[in-house]
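# Understanding the architecture of this molecule
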Amino acid sequence: VYTIESIYKLKGKACDERFLTAPIGCKDAPYLDIYRPMNSSQRWILIKNSAGLYQIRSLLCAQNNERNQFIKHSGSDNNSMAYFTGGTGTPFQLNLA
């Protein structure tokens, strides 16, 4: 289980709202918020596929048995928001810091 932090928000101007957060109910888009230790809304399960890419699953959504647990993003529209979906999510490439 991991916490996901925005490096862009960290390296640009100093910003406390840089940790990926799942909304309660998992119906709205994930968002960036201040760090909240011991809060499952900022905990993520990374599931590696055979191509070495990862799907991102919300621990909060999984614990609450929400229908939508995985992050999905089109990848082709720079201004589009990520959202939650059931089943599987978009595979992401994750680089070590």
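Residues numbered from 1 in each chain as written. Predicted model: local features only at pLDDT ≥ 70, side-chain atom pairs only at ≥ 80, totals over all residues. Heavy atoms only, no water.

Moving on: the overall build of the protein. Each helix and strand counted, the protein has two helices and six strands in total. Each of the 97 residues in the protein was classed as buried or not, and the buried ones make up 33%. At a minimum sequence separation of 6, the contacts of the protein that also span at least 24 residues come to 31%. When the accessible surface of the protein is split by element, carbon and sulfur atoms take 51% of a total near 6,600 Å². (Helix = DSSP H or I, 4+ residues; strand = E, 2+ residues; numbered from the N terminus. Buried < 20%, exposed > 50% of the residue type's maximum accessible area, 1.4 Å probe, protein only. Contact = heavy atoms within 4.5 Å. Areas by Shrake-Rupley, 256 points an atom, 1.4 Å probe, with all protein chains shown as cover.)

What follows deals with the pairing of strand β4 (residues 54-58). With five bridges connecting them, strand β3 (residues 44-48) and β4 associate as antiparallel partners. Counted as the bridge partner of L46 is I56 from β4. Here β3 folds back onto β4 in antiparallel fashion, the turn holding five residues, of which G52 has a positive phi close to 85°. (Pairing = 2+ DSSP bridges.)

Quick look at the pattern of salt bridges now. Scanning the model with the defined rule gives two salt bridges in all. Across the pair E5 and R18 runs a salt bridge, and its minimum N-O distance is 2.4 Å. Taken together, the positions of E5 in the segment before α1 (7-11) and R18 in the loop between α1 and β1 (19-21) put the pair 13 residues apart, joining distant regions of the chain. Assessed through its relative accessible area of 30%, E5 is described here as partly exposed. R36 serves as the salt-bridge partner of D33, at 3.4 Å between the closest nitrogen and oxygen. Taking the relative accessible area as the measure of exposure, D33 reaches 17% and is therefore buried. (Salt bridge = Lys/Arg side-chain N within 4 Å of Asp/Glu carboxyl O.)

The subject of this paragraph is the environment of I47. Checked against the element boundaries, I47 lands in strand β3. On the basis of relative accessible area, I47 is assigned to the partly exposed category, the value being 31%. C-alpha separation for the pair I47 and G89, spaced 42 residues apart in sequence, amounts to 9.9 Å. The residues touching I47, leaving out its near neighbours within four places in the chain, are L53, Y54, Q55, R57 and F70.

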